[in-house]
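The chain contents come next:
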Amino acid sequence: MAMLLAWALLALISVSEQGPHEKRLLNTLLNSYNTLERPVANETDPLEVKFGLTLQQIIDVEWNDYNLRWNDSDYGGVKDLRITPNKLWKPDVLMYNSADEGFDGTYQTNVVVRNNGSCLYVPPGIFKSTCKIDITWFPFDDQHCDMKFGSWTYDGNQLDLVLKDEAGGDLSDFITNGEWYLIGMPGKKNTITYACCPEPYVDVTFTIMIRRRTLYYFFNLIVPCVLISSMALLGFTLPPDSGEKLTLGVTILLSLTVFLNLVAETLPQVSDAIPLLGTYFNCIMFMVASSVVLTVVVLNYHHRTADIHEMPQWIKTVFLQWLPWILRMSRPGKKITRKTIMMTNRMRELELKERSSKSLLANVLDIDDDFRHVPPPPNNTASTGNLGPGCSIFRTDFRRSFVRPSTMEDVAGGLGGHQRELQLILRELQFITARMKKADEEAELISDWKFAAMVVDRFCLFVFTLFTIIATVAVLLSAPHIIVQ
């Protein structure tokens, strides 16, 4: 079967003949044609070349060759020819800012020549151009890339480039890209006089305006970062007694660090500007690191005891009074309001003044000093059971009235023994009272430190939540656009 197909193809080729008129026309046109000659009737006239660009990597170049004109009726109605470009003159139009290894990335196709001398050259190609990328608003950025085309050797007096379409490039065959959205491709004709040459040179510059699609970056970079930062905020709601507060903060910091390493591969590696996304991630990283540091402070406050630390007065004022009042926090059995704060401070001042004027015994037993100045009873039989501080006067009057002189020494000895016992009982009461008071003070101080740690936790929760919201909203609002699908 393969042999039969080959013989059939050979048979078709053997019977095909070139048209006699087209052959005679080619011989007539190319017999004396010189590819180095600029095809104009007068050497002083510029050759007009219409230049267009289709974004599907095809250049449209049109010019009129004076030497390639014929009357179609003389050649059997042949109106156009396809001639290889190496046999014809063609403009040396190149892309000035090309980054291709061969500088010209076009494929040399045939030139379509018509009987009126117009030549259409449509070489497909993939162009690589140098373009300055602005990553300030990455990934919400717009990029403008210029493609500058012009003749390399002909000046504007010899070759005049004209835009084929004033609107710019042809976008009808453009294939949409998953990463970039095409805004437009306007074109502009420029006439520039370079320092090397006095003649003006004409170029046509097409500006490709593209916008990055942000849907991928929004749901794969920004949303995970916000979720990780939210987990760091939840760490401030975890009780310090659970033992996992610091572990959670360090774990979140490590996970964010690993995530930032993946993001760093996506960010453009340039130092001209800091990308907007990089600024946002640095803010979140700073917030998470600060949360770990403040978690250590919270744990330090929570586990302080009265034997090692003494709470300064400024901590009591800030973390036990004003800051809880601002954060609308309360303690069991203690209502924190502005009025109670002012009243507590006033009572503390009065208590210090009162304690400084009371005796040691009154401070220990928490009783008034007035009983020390009670006058002795008016009669000898009153208040025989009172053993207060005025008992010495009472005993003297008692001995003087009712005890006979022979038994006075025995009574005095007995009362002296009772006085020593009362002194021992008083010392025991003082010791027990001091221990109980010290235990109460230690428990109250530990409770104050724990409440201060809770206040710091609540304050950090509000501050970092507000910081995360403001940073996220500021990044989204400062971007030129948010979501481009």
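Residues numbered from 1 in each chain as written. Predicted model: local features only at pLDDT ≥ 70, side-chain atom pairs only at ≥ 80, totals over all residues. Heavy atoms only, no water.

(A) The state of the cysteines, seen in detail. If you walk through the whole model with that rule in mind, you get one disulfide. The side chain of Cys131 participates in a disulfide bridge whose partner is Cys145; the two sulfur atoms lie 2.3 Å from each other. Where Cys131 bonds to Cys145 through sulfur, the torsion about that S-S bond is close to -90°, and the disulfide is left-handed. Here Cys145 lies in strand E7 (residues 142-151) and Cys131 lies in the loop between strand E6 (116-121) and E7, a separation of 14 residues in the sequence. Distance from the sulfur of Cys225, which forms no disulfide, to the nearest cysteine sulfur (Cys283) is 9.8 Å. (Disulfide = S-S within 2.5 Å. Helix = DSSP H or I, 4+ residues; strand = E, 2+ residues; numbered from the N terminus.)

(B) Fine view of the packing of aromatic side chains. A full pass over the atoms with the stated rule returns 17 aromatic pairs. Ring geometry for Trp63 versus Trp89: centroids 6.1 Å apart, planes at 80°, classification edge-to-face. Here the residue Trp63 occupies a position in strand E2 (residues 58-69), and Trp89 occupies one in the loop between strand E3 (80-83) and strand E4 (93-95), the gap between them amounting to 26 residues. Across this residue pair, the class does not change: Trp63 and Trp89 are buried. Within the aromatic cluster, the residues linked to one another by ring pairs are Tyr301, Trp314, Phe319 and Trp449. Its guanidinium or amino end placed over the ring of Trp449, Arg304 lies 4.6 Å from that ring's centre, counting from NZ or CZ. Here the basic side chain of Arg331 rests over the ring of Phe451, its NZ or CZ set 4.7 Å away from the ring centre. (Phe/Tyr/Trp six-rings, centres within 6.5 Å; stacked < 30°, edge-to-face > 60°. Buried < 20%, exposed > 50% of the residue type's maximum accessible area, 1.4 Å probe, protein only. Lys NZ or Arg CZ within 6 Å of the ring centre and 35° of its normal.)

(C) Local environment of the packing of helix H3 (residues 215-234) against helix H5 (residues 276-302). Look at H3 against H5: their axes get within 10 Å of each other, and the N-to-C directions meet at 15°. Accordingly, the angle class assigned to the pair H3 and H5 is roughly parallel. Relative to H5, H3 is oriented so that their crossing is left-handed. Seen from H3, the contacting residues are Leu221, Ile222, Cys225, Val226, Ser229, Ala232 and Leu233; seen from H5, they are Leu277, Tyr280, Phe281, Ile284, Met287, Val288 and Ser291. Of the residues contributing to the contact of H3 with H5, the split by class is twelve nonpolar, two polar and no charged. (Axes fitted to C-alpha atoms, helices over the stretch in contact; angles between N-to-C directions. Parallel < 35°, antiparallel > 145°, perpendicular 65-115°, else oblique. Left-handed = near helix turned anticlockwise from the far one by under 90°. Contact = heavy atoms within 4.5 Å. Nonpolar A, V, L, I, M, F, W, Y, C, P; charged D, E, K, R; others polar.)

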